[in-house]
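Letter by letter, the chains look like this.
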2 protein chains.
Amino acid sequence: MNNFSFYSPTKFVFGTDSESRCGYLVKEFGGTKVLIVYGGGSVVRSGLMDKIKLSLAAAGVHFSELGGIVPNPKDDKVYEGIDLCRKEGVDFLLALGGGSAIDTAKAIAAGVPYGSDFWDFYSGKAIIQKALPVATVLTIAAAGSEGSGDTVITRTDGNLKRGAGSDLLRPVFSILNPQLTATLPAYQTACGAADIMAHVFERYFTNTKDVEITDRLCEAVLLTMINEVPKVMKNPDDYQARANIMWAGMVAHNNSVGVGRSHDWNSHGIEHELSAMYDCAHGAGLAVIMPAWMAYVMKHDVMRFAQAAVRVWGCEMDFGNPERTAMEGITRFKNFLHSIGLPVSFGELGAKEEDIPLMVQSFGIGEGKTGGFVALGKDDIDAIYRLAL
Amino acid sequence: MNNFSFYSPTKFVFGTDSESRCGYLVKEFGGTKVLIVYGGGSVVRSGLMDKIKLSLAAAGVHFSELGGIVPNPKDDKVYEGIDLCRKEGVDFLLALGGGSAIDTAKAIAAGVPYGSDFWDFYSGKAIIQKALPVATVLTIAAAGSEGSGDTVITRTDGNLKRGAGSDLLRPVFSILNPQLTATLPAYQTACGAADIMAHVFERYFTNTKDVEITDRLCEAVLLTMINEVPKVMKNPDDYQARANIMWAGMVAHNNSVGVGRSHDWNSHGIEHELSAMYDCAHGAGLAVIMPAWMAYVMKHDVMRFAQAAVRVWGCEMDFGNPERTAMEGITRFKNFLHSIGLPVSFGELGAKEEDIPLMVQSFGIGEGKTGGFVALGKDDIDAIYRLAL
């Protein structure tokens, strides 16, 4: 196990009708003028927006709005939000929605007190030193942004999808009401599930030795997803299954299951090019990429993949041929993703073979290599896209 | 899953030599005048105290000391600490040691700003509304107090061992260096392990349905302990095993594995009478009591005990006779505790049958019942003590 720091100061308020405490919580955490950041009209149509406004007003908190955040959120809304906050003296960001609204709110929160272009944090030119407080009311279990300090934004100019992170961006509170996820279409629910499982796997495949506690915690989240997601596919109103998935999604990405070990975020990176290119759901792209990435890197540590196969996927260990077990685990993962309605190939996603060179180029590592488990160069990235055809 | 709030704002700094950052961290969290709370001379002899003082001095932080905290810590040191803090204007509590030092520091932290007797929080007469910040440098993996808001103190007058809790008592930071636990005698290491496993089991045995995510997380911690503790028994210097146990001990008790479900703390309560009576190690008392409690309540939910037997203890499910599987799990737990050198009976602990009526009386439920999994009356408590003979 490596040395680490872990700091997750978010207050999670979980359960039925928890959004009614929003105004009270904003006040508790010192907000007086809030910018509500949200996506399309679904939070309005569902009545959530009205409930939140009522709750804020009852607590004597003022608010403005910034709607229209799209999936794979863009920088234009961040700039708009930063201007708005400065003009109106906003001191608190409140995201209603999923990862897109939350990640935009985080970008605004970091950008407001920063003297230059907020994109500096995403291009690696600057480190976040200060940020307004961010809070969330979550409506989809997926990105884990409600408990993490991470944010991913796409720059319109050049179609660059990049991440930034800081403990300063961890939400001060997050409201998680599983009821709010019940109206999600099956496809989006499945995409969220793929994202959650990817967040665990990208921590699970590590070169760090002696990480039993985090291995077991990772496996706990994956076993939960395997058990609960099919229930929701069968019955979207299954509150209990939604609740288990929603909390699993937070645990998967606040890094409590990933401390003290190296990670490998190449699957996320390779996928980001897909969703930047086709504007597909991030989870759908991950369902295509992750099994291909796994098959490509599997020989680097067959026993780790065999461990996942046995402990997570319930495979029987083939002691004479561990590689067979390892591969069987990957196959079961792919079958699982397919069984919940996700694409597992370029064809099913609507991606095109001829775009691969462009995506490899946009991945942007030039002649270098990247990856904490297996360092990959541009030829490897190319090969993984082709494995996913 | 039940509705819940979860708030664990402690900054954990984990790994080799992490204690050298202590002064810097105190300053980061606003401490200017610290009271160092510790137990016997081991933190002095090991050189830890000197390192901490050096680190505080380098950060320009002033400090006083309160040593002599004993296992099953007493109220007298709390009163002494409160007086000292008020007299010297202490604004920050720093515990060096294990649960006893930390729980005493927490009691002092709550007592200083309180206008009346701090024992009010432990007798249930008052709720903690304010507390000085507390931080810890942990030297034994056991109590989990480094990540929890809980504290247990024994009142000398009447030998009452009682707990109190508040999110306000969660440490602002905790330094966890597994190296500091390497010199612990085997018996104390084993007692700590029993305490950690008990913290999980008291959350695991629940009447709340549909708690897959926390079930799996609980099992993850238990599986880790079963894998790692025997390594340390064989080789006390096994840093990696110590590290896994140390982090498991935090995870076991900051309630991340216990949210959204009812708990049952009767084993802890029944044990508290043992350690109050004989001043035995809390973990040793738990090793005696927990298997007895499990055997006594097992029939209340045979399938839950069978689940633990299969998932945690690796038993094969007897589908024709689940009770046999459930019992086999309890037997394996008892054998495990014995194999790491712990007492599993009154005789081995040095407890006496004739003291049972006194302990039942001191347990203090009169004609009432208590327990979140199975409500137990005084006759049940009596029977559990006798099962443990």
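Residues numbered from 1 in each chain as written. Chains lettered and ligands numbered in written order. Predicted model: local features only at pLDDT ≥ 70, side-chain atom pairs only at ≥ 80, totals over all residues. Heavy atoms only, no water.

Participant: Go over the interface of chain A and chain B with me, naming the residues and quoting the values.
Facilitator: By a frequent convention, interface size equals the accessible area lost on bringing the separate parts together. Contact with chain A, which involves 38 residues of that partner, is made by 39 residues of chain B. With both chains or domains summed, chain A and chain B bury close to 3,300 Å², and 58% of this area falls on carbon and sulfur atoms. Ranking the residues of chain A by area buried against chain B places Met1, Ile213 and Trp247 of chain A at the top, with a combined share of 17%. Where chain A meets chain B, there are 0 salt bridges. (Contact = heavy atoms within 4.5 Å. Buried area = accessible area lost by both parts, 1.4 Å probe. Salt bridge = Lys/Arg side-chain N within 4 Å of Asp/Glu carboxyl O.)

Participant: Go over the UniProt feature "domain: Fe-containing alcohol dehydrogenase-like C-terminal" (unreviewed entry) in chain A, please, and point to the residues and values.
Facilitator: Under the feature "domain: Fe-containing alcohol dehydrogenase-like C-terminal" (unreviewed entry), the UniProt entry names residues 189–388 of chain A. Regarding residues 189–388 of chain A, the helix share stands at 66% and the strand share at 0%, and the terminal C-alpha atoms are separated by 22 Å. (UniProt positions renumbered as here; feature names shortened; annotations may be inferred. Helix = DSSP H or I, 4+ residues; strand = E, 2+ residues; numbered from the N terminus.)

Participant: Describe the domain arrangement of chain A, with residues and values.
Facilitator: All names here are of chain A. Per the domain assignment, the segments of chain A are domain 1 (11–180) and domain 2 (186–387). A straight line from the C-alpha centre of domain 1 to that of domain 2 covers 27 Å. Facing 26 residues of domain 1, the contacting portion of domain 2 comprises 27 residues. In total, about 2,000 Å² of surface goes out of reach between domain 1 and domain 2, with carbon and sulfur atoms giving 60% of it. Of all residues in domain 1, Ala141, Lys161 and Pro178 bury the most surface against domain 2, accounting for 25% of the area lost on that side. Connecting domain 1 to domain 2 are 1 salt bridge. When the shortest N-O distance is used, the salt bridge between Arg162 and Glu273 registers 4.0 Å. At the surface where domain 1 touches domain 2, the tally comes to 6 residue pairs in polar contact (both at pLDDT 80 or more). The class makeup of the residues in the side of domain 1 that touches domain 2 is 11 nonpolar, 9 polar and 6 charged. (Domains from an automatic or database assignment. Polar contact = N/O pair within 3.5 Å; in protein donor to acceptor, adjacent residues only side chain to side chain. Nonpolar A, V, L, I, M, F, W, Y, C, P; charged D, E, K, R; others polar.)

Participant: Residues and numbers for the sheet that holds strand β3 (residues 62–66) of chain A, please.
Facilitator: If you walk across this open sheet you meet the 12 strands as β3(A)-β2(A)-β4(A)-β5(A)-β8(A)-β1(A)-β1(B)-β8(B)-β5(B)-β4(B)-β2(B)-β3(B), and the pairing is mixed. Edge positions in the sheet fall to β3 of chain A together with β3 (62–66) of chain B, since each of these pairs with one other strand and no more. In this sheet, adjacent strand axes meet at a mean angle of 25° when their direction is disregarded. Pairing between strand β2 (residues 33–37) of chain B and strand β4 (residues 92–97) of chain B: 4 bridges, direction parallel. Looking across to β4 of chain B, one finds that Ile36 of chain B is bridged to Leu94 of chain B. Together, β2 (33–37), β3, β4 (92–97) and β5 (134–138) of chain A form the strand contacts of helix α5 (residues 99–111) of chain A, whose direction differs from that of β4 of chain A by roughly 165°. (Pairing = 2+ DSSP bridges. Axes fitted to C-alpha atoms, helices over the stretch in contact; angles between N-to-C directions.)

Participant: Explain the packing of aromatic side chains to me, and be specific about the residues and the numbers.
Facilitator: Enumeration over the complete set of coordinates arrives at 46 aromatic pairs over all chains. Note on Phe346 of chain B and Tyr385 of chain B: the rings are 6.1 Å apart at their centroids and 70° apart in plane angle, and the pair reads as edge-to-face. Linking Phe346 of chain B in helix α14 (residues 346–349) with Tyr385 of chain B in helix α16 (residues 378–387), this pair joins segments that are 39 residues apart in sequence. Taking the relative accessible area as the measure of exposure, Phe346 of chain B reaches 1% and is therefore buried. Here the aromatic cluster, defined as three or more aromatic residues joined through ring pairs, consists of Phe201, Tyr204, Phe205, Trp293, Phe305, Trp313, Phe333, Phe336 and Phe373 of chain A. Over the ring of Tyr7 of chain B we find Lys11 of chain A, and its NZ or CZ is 5.5 Å from the ring centre. We note Arg304 of chain B situated over the ring of Tyr204 of chain B; from NZ or CZ to the ring centre the distance is 5.1 Å. (Phe/Tyr/Trp six-rings, centres within 6.5 Å; stacked < 30°, edge-to-face > 60°. Buried < 20%, exposed > 50% of the residue type's maximum accessible area, 1.4 Å probe, protein only. Lys NZ or Arg CZ within 6 Å of the ring centre and 35° of its normal.)

Participant: Tell me about the relation of the copies chain A and chain B, and please be specific about residues and values.
Facilitator: Mapping chain A onto chain B calls for a screw motion: a turn of 180° about the axis and a shift of 0.0 Å along it, with 0.0 Å RMSD after fitting. Here the two chains are linked by the operation of a two-fold rotation axis. Ranked by how close their C-alpha atoms come to the rotation axis, the residues of chain A are headed by Pro9 of chain A, at 1.8 Å. Comparing interface residues between copies, 100% of those in chain A also lie at the interface in chain B; the contact surface is shared. (Least-squares fit on C-alpha atoms with pLDDT ≥ 70 in both.)

Participant: Summarise the pattern of salt bridges; cite the residues concerned and give the values.
Facilitator: If you walk through the whole model with that rule in mind, you get 42 salt bridges over all chains. The partner of Arg170 of chain A in a salt bridge is Asp167 of chain A, with the nearest N and O atoms 2.9 Å apart. In this structure, Arg311 of chain B and Glu212 of chain B form a salt bridge, with 3.9 Å as the shortest nitrogen-oxygen distance. On the criterion of sequence distance, the pair formed by Arg311 of chain B in helix α12 (residues 302–311) and Glu212 of chain B in helix α8 (residues 212–234) is long-range, its members being 99 residues apart.

Participant: Outline empty space enclosed by the protein, supporting the account with residue identities and numerical values.
Facilitator: Inspection of the entire model under this criterion finds 5 cavities of 30 Å³ or more. Approximately 250 Å³ is the volume attributed to the largest cavity. Along the walls of the largest cavity sit 20 residues, with Phe6, Asn254 and Ser256 of chain A together with Asn254 and Ser256 of chain B positioned nearest its centre. Looking at the lining of the largest cavity, the elements that each hand over two or more residues are β1 (4–14) and α9 (239–251) of chain A together with β1 (4–14) and α9 (239–251) of chain B. (1 Å grid on protein atoms, 1.4 Å probe; cavity = no way out; pocket = protein on both sides within 12 Å on 5 of 7 lines; lining within 4 Å. Points joined across faces, edges and corners; volume = space filled by probe spheres on them.)

Participant: Tell me about the nonpolar core, and name the residues and values.
Facilitator: Within the largest apolar cluster, 225 residues are counted, with the highest numbers of intra-cluster contacts made by Trp247 of chain A together with Trp247 of chain B. Excluding its chain neighbours within four sequence positions, the residues that come into contact with Trp247 of chain A are Phe12, Phe14 and Leu176 of chain A together with Phe4, Phe6, Ile213, Ser256 and Val259 of chain B. (Core = buried A, V, L, I, M, F, W, Y, C linked by side-chain atoms within 4.5 Å.)

Participant: Tell me about the side chain of Asp120 of chain B, and please be specific about residues and values.
Facilitator: Locating Asp120 of chain B in the fold gives a position in helix α6 (residues 120–123). Once residues lying within four places of it in the same chain are set aside, the contact partners of Asp120 of chain B are Tyr114, Lys125 and Ala126 of chain B.

Participant: A description of unusual backbone geometry should follow, citing residues and the corresponding values.
Facilitator: For Asn255 of chain A, which is not glycine, the phi torsion reads 80° and is therefore positive. Within the secondary structure layout, Asn255 of chain A lies in the loop between α9 and α10 (266–278). At Asn159 of chain B, a position not held by glycine, the phi torsion is positive, near 55°. Locating Asn159 of chain B in the fold gives a position in the loop between β6 (150–155) and β7 (160–165).

Participant: I'd like a rundown of the pairing of β1 of chain A, residues and numbers included.
Facilitator: Here β1 of chain A lies mainly inside the structure; 9 of its 11 residues are buried. Strand direction decides the pairing type here: β1 of chain A and β1 of chain B, joined by 9 bridges, are antiparallel. Of the residues in β1 of chain B, the one forming a bridge with Phe12 of chain A is Phe6 of chain B. Here 4 bridges tie β1 of chain A to strand β8 (residues 173–176) of chain A, and the two strands are oriented parallel to one another. Among the inter-strand pairings, Phe14 of chain A is bridged to a residue of β8 of chain A, identified as Leu176 of chain A.

Participant: An account of helix α12 (residues 302–311) of chain A is needed here, citing residue identities and associated values.
Facilitator: Residues and elements named next belong to chain A. Buried residues dominate α12, accounting for 7 of its 10 residues. Buried within α12 are the following residues: Val302, Arg304, Phe305, Ala306, Gln307, Ala308 and Ala309. Where the residues of α12 are buried, they touch α7 (186–204), α8 (212–234), α11 (282–297) and α13 (322–339).

Participant: Explain the packing of helix α15 (residues 356–363) of chain A against helix α16 (residues 378–387) of chain A to me, using residue names and the numbers behind them.
Facilitator: Residue and element names in this part refer to chain A. For the pair α15 and α16, the least separation of the axes is 10 Å and the interaxial angle reads 140°. Here α16 runs oblique to α15, going by the angle between their axes. Considering how the two elements wind past one another, α15 and α16 form a crossing that is right-handed. In contact with Ile356, Pro357, Met359, Val360 and Phe363 of α15, α16 contributes Lys378, Ile381, Asp382, Tyr385 and Arg386. (Parallel < 35°, antiparallel > 145°, perpendicular 65-115°, else oblique. Left-handed = near helix turned anticlockwise from the far one by under 90°.)

Participant: Please provide a residue-by-residue account of the environment of Met294 of chain A, values included.
Facilitator: Looking at the element boundaries, Met294 of chain A is found in helix α11. Apart from residues lying up to four places away in sequence, Met294 of chain A is in contact with Phe201, Phe205, Phe305, Ile330 and Phe333 of chain A.

Participant: Lay out the packing of α12 of chain A against α13 of chain A in plain terms, naming residues and giving numbers.
Facilitator: All names here are of chain A. Remark: α12 packs on α13, axes separated minimally by 7 Å, with the N-to-C direction vectors making an angle of 55°. Here α12 is positioned oblique relative to α13, judged by the angle of their axes. Seen along the crossing, α12 lies across α13 with a hand that is left-handed. On α13, the residues touching Val302, Met303, Phe305, Ala306, Ala309 and Val310 of α12 are Pro322, Glu323, Thr325, Ala326, Gly329 and Ile330. Classifying every residue of the contact of α12 with α13 gives 9 nonpolar, 2 polar and 1 charged.

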